[in-house]
Amino acid sequence: AALLAERLFGRRVHVLDDGFQHLRLRRDLDLVCATPEDLRDWPLPAGRLREFPRSVARAHGLLGNIHTFTGNYELALADADRALELNPSDAIARSLRGGILLWLGKLDESIAASEAALRYDPRLQPEGMFTLALAYYLAGRYRDAAQTANAVEPKARTVFLEAVLAAAHAQL
C-alpha cells in the first residue's frame, strides 16, 4: 500500500499506526506514545501492549542521543539508564552511556560502560569504538586505545578515530 501511495501521490513519508514491532520495515524514526503506567502493563493477550516494554528502550536511546547532541548530559544519562532498565542487554544504550560519561569526565565509568557494550556486541558500531578508544587514551591506556581503534575496519574509521589511533601510537 505504501509503494502504491508513493507511485500515485509522490508521498515519501508514511505514518503507521502499530508499525513499531514490524522490524522488517525500513524506517527513519519510531514514535512511541505511552504513559509510564502503560509500560507497567503486559503484552497481549495478558495485557494491552503489542510488545514488551524493553522494546521501548530504542526510544530512550534516541532521546539520549538528542540530549547528548544538545549538551544536556544529565538528561542524556537518565535516558540511557532508562533504556538499560527496560533492556539490560542493549549494547547501543550501554555504548551511549559510555559516551555520555566520557563527556561528563567520568573516565573509569565510561570505560566500564563501553567495555560492557563491547561484551554484549563484539561488532560494536565505530562510534562506540571511538568512545572507548578515546576514553582509554585520556586514561593513559595508550596500548588499549590503539588496539581498540585498530579493531575497527579501516573503511569504517572516522577521522576522529584515526586521530586517536595516531595520538596513541605517538605515546607508545
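Our subject is the structure that appears above.
Okay, so let's go over this structure. Being a predicted model, the structure only gives us computed values, none of them experimental.

### A few points about the overall build of the protein
Part 1 of the reasoning: In terms of regular secondary structure, the protein is built from 8 helices and 0 strands.
Part 2 of the reasoning: Along the protein, helices and strands appear, N-terminal first, in the series α-α-α-α-α-α-α-α.
Part 3 of the reasoning: Within the protein, the proportion of its 172 residues that are buried is 36%.
Part 4 of the reasoning: Nonlocal contacts in the protein, meaning residues at least 24 apart in sequence, comprise 44% of its contacts between residues at least 6 apart.

### Here we look at the nonpolar core
Part 1 of the reasoning: Grouped together as the largest cluster of nonpolar side chains are 19 residues, with contacts concentrated most on Leu161 and Val164.
Part 2 of the reasoning: For this core, the elements supplying multiple residues, two or more each, are helix H5 (107-120), helix H6 (126-138), helix H7 (142-150) and helix H8 (159-171).
Part 3 of the reasoning: A total of 7 residues in this core trace back to one element, the largest contributor, which is H6.
Part 4 of the reasoning: Every residue in contact with Val164, bar those within four places of it in the chain, is listed here: Phe130, Ala133, Leu134, Tyr137 and Ala145.
Part 5 of the reasoning: With 7 residues, the next largest nonpolar core counts Leu77, Ala80, Leu96 and Ala113 among its residues.

### Looking at the side chain of Ser110
Part 1 of the reasoning: Within the element layout of this structure, Ser110 appears in helix H5.
Part 2 of the reasoning: The class of Ser110 is buried, set by a relative accessible area of 0%.
Part 3 of the reasoning: Excluding anything up to four places from it in sequence, Ser110 contacts Gly98, Leu101, Leu102, Thr131 and Ala135.

### As for H5
Part 1 of the reasoning: With 14 residues, H5 extends 20 Å from end C-alpha to end C-alpha; this agrees with the ideal 20 Å at 1.5 Å per step.
Part 2 of the reasoning: Ser110, Ile111, Ala113, Ser114, Ala116 and Ala117 are the residues of H5 that are buried.

### So, the environment of Leu161
Part 1 of the reasoning: Examined against the element boundaries, Leu161 turns out to sit in helix H8.
Part 2 of the reasoning: In the structure, Leu161 is positioned 27 residues away from Leu134 in sequence and 8.1 Å away in space, judged by C-alpha atoms.
Part 3 of the reasoning: Setting aside anything within four residues of it in sequence, one finds Leu161 in contact with Met129, Phe130, Ala133, Ala149 and Val152.

### A few points about the pattern of salt bridges
Part 1 of the reasoning: The full count for this structure, using the stated rule, is 5 salt bridges.
Part 2 of the reasoning: The residue Arg82 makes a salt bridge to Glu85 at a minimum N-O spacing of 3.0 Å. Placement of both Arg82 and Glu85 in helix H3 (residues 73-86) is noted, with a separation of 3 residues, approximately one turn of the helix.
Part 3 of the reasoning: For Glu85, a relative accessible area of 57% puts it in the exposed group.
Part 4 of the reasoning: Among the ionic pairs, Glu115 bridges to Arg141, the shortest N-O distance being 3.8 Å. Highlighted residues: Glu115 in helix H5 and Arg141 in the loop between H6 and H7, separated in sequence by 26 residues.
Part 5 of the reasoning: Of the residues examined, Arg141 reaches a relative accessible area of 34% and is grouped as partly exposed.

### Some thoughts on the packing of aromatic side chains
Part 1 of the reasoning: As enumerated under the stated definition, the model contains 2 aromatic pairs in all.
Part 2 of the reasoning: Ring geometry for Phe130 against Phe160: centres 6.3 Å apart, planes inclined by 55°, an arrangement best described as tilted. A residue pair is termed long-range when its members are at least 10 positions apart, and Phe130 in helix H6 and Phe160 in helix H8 qualify at 30 residues.
Part 3 of the reasoning: Given a relative accessible area of 18%, Phe130 falls into the buried group.

Scoring rules and cut-offs
Residues numbered from 1 in each chain as written. Predicted model: local features only at pLDDT ≥ 70, side-chain atom pairs only at ≥ 80, totals over all residues. Heavy atoms only, no water. Helix = DSSP H or I, 4+ residues; strand = E, 2+ residues; numbered from the N terminus. Buried < 20%, exposed > 50% of the residue type's maximum accessible area, 1.4 Å probe, protein only. Contact = heavy atoms within 4.5 Å. Core = buried A, V, L, I, M, F, W, Y, C linked by side-chain atoms within 4.5 Å. Expected span 1.5 Å × (residues − 1). Salt bridge = Lys/Arg side-chain N within 4 Å of Asp/Glu carboxyl O. Phe/Tyr/Trp six-rings, centres within 6.5 Å; stacked < 30°, edge-to-face > 60°.

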